[in-house]
2 protein chains.
Amino acid sequence: MSLLPDNESAVRAAAVFAALGDPTRLALVERLRDGRAHSIMQLSSGFDLTRQGVTKHLSALEAAGIVIRKRTGRQTHFSIERKTLENSAAYLASVSQQWDETLGRLETLLAKTRD
Amino acid sequence: MSLLPDNESAVRAAAVFAALGDPTRLALVERLRDGRAHSIMQLSSGFDLTRQGVTKHLSALEAAGIVIRKRTGRQTHFSIERKTLENSAAYLASVSQQWDETLGRLETLLAKTRD
DNA sequence: CATAAATGCAACCTCCTGGTTGCGCGTTTT
DNA sequence: AAAACGCGCAACCAGGAGGTTGCATTTATG
């Protein structure tokens, strides 16, 4: 019995978190916070990475649904997919919230008495 | 110039996300949603993993500050550190929120005109 | 049309990660 | 005091992730 996240939202959440888990990728997201679309050249500048390296990370973000790619002419622009981040934020919030509702710190102590 | 997340909150956020990025680890967090403290034996049951394997994951979660370890007698209990998840949720929310505030979809289009 | 610019694609390499096994050590239990 | 329980630690291993180089491709520019 492998009870890995059968929960749909949890599965996707894991993918999103994995994508955001890399420092470079998170930095890229930070760069996209302005909500505008940036080309790969723009995004590559400032990193100790090859353009191809950055592209890989952007593809990873795209695969996780965090970012949207759109080619225009000879350059490719990336922008943030707001909804994905919102969902993940909501997921995390729900976890800590449930922790809050059900018993929380008190039960934590009582658990030690049980079994 | 390597402009990796100099921002403190972003650095920690990356660590937390990396920890939550693994399906097994996220499943463990799911199991701890009840807010109570569970022993390693309890948490191990149901996974296609060795106890030592699960322990490794729990240690990773602990290192990221997502979980708290407390040894009592011969068994070790883990429980959720609510604040860490709250912070990460807030971080994600702030990113998508800023996207919303600043221009968002409109500017996304305009950006294509620029440079 | 020749060339430069911006990107895509594939092969390759290294190192970290997730997983295992084996064993030792403190704590209950009988 | 044995034996069983719950756990920590170390070594080890395969595979994937992050990164590179090299070249092909498409689009703009002079």
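See the structure above.
Residues numbered from 1 in each chain as written. Chains lettered and ligands numbered in written order. Predicted model: local features only at pLDDT ≥ 70, side-chain atom pairs only at ≥ 80, totals over all residues. Heavy atoms only, no water.

1. Description of the protein's contact with DNA strand D
Logical step 1: Looking at DNA strand D, there are 22 residues lining it, with T50(A), Q52(A), K56(A), H57(A) and M41(B) nearest.
Logical step 2: Each atom of DNA strand D within 4 Å of the protein was classed as base or backbone; sugar and phosphate made up 66%.
Logical step 3: Contact between DNA strand D and R51(B): a base oxygen at 3.0 Å from a side-chain N or O atom of the residue.
Logical step 4: Secondary-structure elements contributing two or more residues to the surface near DNA strand D are α4 (51-63) of chain A together with α3 (40-44), α4 (51-63), β2 (67-72) and β3 (75-80) of chain B.
Logical step 5: Per-element accounting of the surface near DNA strand D gives the leading share, 4 residues, to α4(A).
Logical step 6: Looking at side-chain class alone, the surface near DNA strand D contains 3 nonpolar, 10 polar and 9 charged residues. (Near = heavy atom within 4 Å. Polar contact = N/O pair within 3.5 Å; in protein donor to acceptor, adjacent residues only side chain to side chain. Helix = DSSP H or I, 4+ residues; strand = E, 2+ residues; numbered from the N terminus. Nonpolar A, V, L, I, M, F, W, Y, C, P; charged D, E, K, R; others polar.)

2. Regarding the nonpolar core
Logical step 1: Of all hydrophobic cores here, the largest spans 57 residues; its most connected members are F17(A), L20(A), I66(A), F17(B), L20(B) and I66(B).
Logical step 2: In this view, I66(A) contacts V16(A), A19(A), L20(A), V29(A), L61(A), S79(A), I80(A), E81(A), T84(A) and L85(A); residues no more than four positions away in its chain are not counted. (Core = buried A, V, L, I, M, F, W, Y, C linked by side-chain atoms within 4.5 Å. Buried < 20%, exposed > 50% of the residue type's maximum accessible area, 1.4 Å probe, protein only. Contact = heavy atoms within 4.5 Å.)

3. With respect to the packing of helix α1 (residues 8-20) of chain A against helix α5 (residues 82-101) of chain A
Residues and elements named next belong to chain A.
Logical step 1: Running from N to C, α1 and α5 cross one another at 110°; their axes reach a closest spacing of 10 Å. As judged from the angle between their axes, α1 and α5 are roughly perpendicular. Regarding α1 and α5, the two cross each other, and that crossing is left-handed. Taken together, the residues of α5 that come into contact with α1 (itself represented by S9, A10, A13, V16, F17 and L20) are T84, L85, S88, Y91 and L92.
Logical step 2: For the contact of α1 with α5, a count of residues per class yields 8 nonpolar, 3 polar and no charged. (Axes fitted to C-alpha atoms, helices over the stretch in contact; angles between N-to-C directions. Parallel < 35°, antiparallel > 145°, perpendicular 65-115°, else oblique. Left-handed = near helix turned anticlockwise from the far one by under 90°.)

4. Section: the side chain of S96(B)
Logical step 1: Note that S96(B) resides in helix α5 (residues 82-101).
Logical step 2: A polar atom in the side chain of S96(B) sits 3.1 Å from the backbone oxygen of A93(B).
Logical step 3: Contacts of S96(B), omitting those with residues within four sequence positions, involve R82(A), L85(A) and E86(A).

5. Looking at the sheet that holds β2(B)
Residue and element names in this part refer to chain B.
Logical step 1: Sheet architecture is open: 3 strands sit in the order β1-β3-β2, paired in antiparallel fashion. Strand pairing shows two members of the sheet lacking a second neighbour, β1 (38-39) and β2, which therefore form its edges.
Logical step 2: As defined by bridge partners, β2 adjoins β3 across 6 bridges and the pair is classed as antiparallel. By the bridge assignment for β3, V67 is matched with I80. (Pairing = 2+ DSSP bridges.)

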